[in-house]
Amino acid sequence: SAYWDPTWAEFVIFFKSPIFLILLGIIFYCIAKYFNWKDNNNLFTNNEVLKASEASLQSQMRLVTEDKEIIRKKLELAYRELDITWLSTSMQTLGILTPNIRATVYYFKNGAFHYVGRHSKNPMIAKVSTNKVILNGGVLSKAWTKGAYEDLEECPIYIEDENKYFLYQSQKYGFSEEKVKQLTMKPCQYYAKTITDSFEPIGIIIFECDIRFLNSARVRKIGQHCTSHESNLISYIKKVREQDIRASQTPIEDIEADFLKGLNRKGEI
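Conventions adopted
Residues numbered from 1 in each chain as written. Predicted model: local features only at pLDDT ≥ 70, side-chain atom pairs only at ≥ 80, totals over all residues. Heavy atoms only, no water. Helix = DSSP H or I, 4+ residues; strand = E, 2+ residues; numbered from the N terminus. Expected span 1.5 Å × (residues − 1). Buried < 20%, exposed > 50% of the residue type's maximum accessible area, 1.4 Å probe, protein only. Arc of directions from axis to C-beta. Contact = heavy atoms within 4.5 Å. Polar contact = N/O pair within 3.5 Å; in protein donor to acceptor, adjacent residues only side chain to side chain. Patch = residues over 30% accessible without salt bridge, like charges linked within 9 Å, V, L, I, M, F, W, Y side chains within 5 Å. Areas by Shrake-Rupley, 256 points an atom, 1.4 Å probe, with all protein chains shown as cover. Salt bridge = Lys/Arg side-chain N within 4 Å of Asp/Glu carboxyl O. Pairing = 2+ DSSP bridges. Axes fitted to C-alpha atoms, helices over the stretch in contact; angles between N-to-C directions.

Trainee: Quick question: what am I supposed to make of helix α4 (residues 162–173) here?
Mentor: Helical geometry note: an α-helix holds 3.6 residues per turn, so side chains three or four residues apart project in the same direction. Relative to the 16 Å expected for 12 residues at 1.5 Å per residue, α4 spans 16 Å between its end C-alpha atoms, a close match to the ideal helical length. Restricting attention to buried positions, one finds in α4 the residues Tyr-165, Phe-166, Tyr-168, Gln-169 and Tyr-173. Seen from one end, α4 has its buried residues packed into an arc of 165 degrees, which puts them on one side. Residues of α4 that are exposed and point over 90 degrees away from its buried face: Asn-163, Lys-164 and Gln-171. In this structure, the buried residues of α4 make contact with α3 (139–146), β4 (148–151), α5 (177–182) and β5 (189–197). Among the residues of α4, the N-terminal cap falls to Asp-161, whose side-chain oxygen and the backbone nitrogen of Asn-163 are separated by 3.3 Å. In the stretch just after α4, Gly-174 is the one whose phi turns positive, near 75 degrees.

What follows is the structure, given as structure tokens:
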């Protein structure tokens, strides 16, 4: 009423009126919506901060992982160089100066031989055509099962008769002509010896020659030298095996996932 008298009775009537209750409901609804909007805005802001933090952690983890892999690779190469230096020094000590012979060290893991180091005065036969050799019945396999293996007289010389050489390699070691042609060296003499750590074979050292240079006396001398310096070979093999990235079974993505899972578990606690 335009002439409403503001008495207590009129106030009571007004507060009980539907229009006041509607206005009061609208006010409470607006207040609730405001606080709801404020909470949602805070949650959205926190979510964006967490996303940015997770992205930053993933980026940092990738950098750390990449740095770790680079360090591992450098260590692996350093140990390989030590092994090659040892092979070079050993061949000089043994009086093996001909460029027709090479010496190679492998470690054994997951059913295959993996390259550690190789030395020869001839850079052509010192090249590494493969970093991995499976147990396929060749010289390495024979030495692995017997502890030592030598083939000094029976194998034909490649440059003298290629056909006889191919036939011998096929019958003796199961290598096809195609496989033999791909080899950087066509040896006619072999001497291989397992390297044992605490009664467990962990690798092999093999000497190969493409002329008739090795004999029983030289092989015996080589075997004695390798036995007396086996601790050196064990050290190089174990270090390279530990750092060899190619033989590692844990991808970078898995390392990152494990790291982030650990952070999540800490957050839950």
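Trainee: It is not clear to me how the side chain of Gln-243 should be interpreted in this structure. Could you clarify?
Mentor: Residue position: Gln-243 is located in helix α7 (residues 230–243). Among all residues touching Gln-243, those that are not within four sequence positions of it are Arg-72, Leu-75, Glu-76 and Tyr-79.

Trainee: What is the right way to read a nonpolar patch on the surface from this model?
Mentor: A surface patch of nonpolar side chains, amounting to about 830 Å² of accessible area, comprises Leu-21, Leu-24, Ile-27, Phe-28, Ile-31, Tyr-34, Phe-35 and Trp-37. Looking at the secondary structure, you find Ile-27 in helix α2 (residues 18–93).

Trainee: I would appreciate a short explanation of the environment of Met-91 in the present structure.
Mentor: Inspection of the secondary structure assignment puts Met-91 in helix α2. With sequence-adjacent residues up to four places away left out, Met-91 is seen in contact with Ile-96, Ile-101, Ala-103, His-119 and Phe-207.

Trainee: I keep staring at the pairing of strand β1 (residues 101–109) and nothing clicks. Help me out?
Mentor: On any regular strand, side chains alternate: one points to one face of the sheet, the next to the other face. Here β1 lies mainly inside the structure; eight of its nine residues are buried. Relative to strand β6 (residues 200–209), β1 runs antiparallel, the two sharing seven bridges. Paired with Tyr-107 across the two strands is Gly-203, which belongs to β6. Across seven bridges, the pairing between β1 and strand β2 (residues 112–119) is antiparallel. Residue pairing in the sheet places Thr-104 in a bridge with Arg-118 of β2.

Trainee: Got a minute to help me understand the sheet that holds β1 in this structure?
Mentor: The six strands are arranged β3-β2-β1-β6-β5-β4 in an open sheet whose pairing can be described as antiparallel. The open sheet has two free edges, formed respectively by β3 (132–134) and β4, since each of these has just one partner strand. Direction aside, the axes of adjacent strands within the sheet are offset by 25 degrees on average. Pairing analysis gives three bridges linking β2 to β3, with the strands arranged antiparallel. Looking at the pairing, Phe-113 lines up with Val-133 of β3. Those strands touched by α3 are β1, β2, β3, β4, β5 and β6, and its axis lies near 135 degrees from that of β6. Those strands touched by α4 are β4 and β5, and its axis lies near 155 degrees from that of β4.

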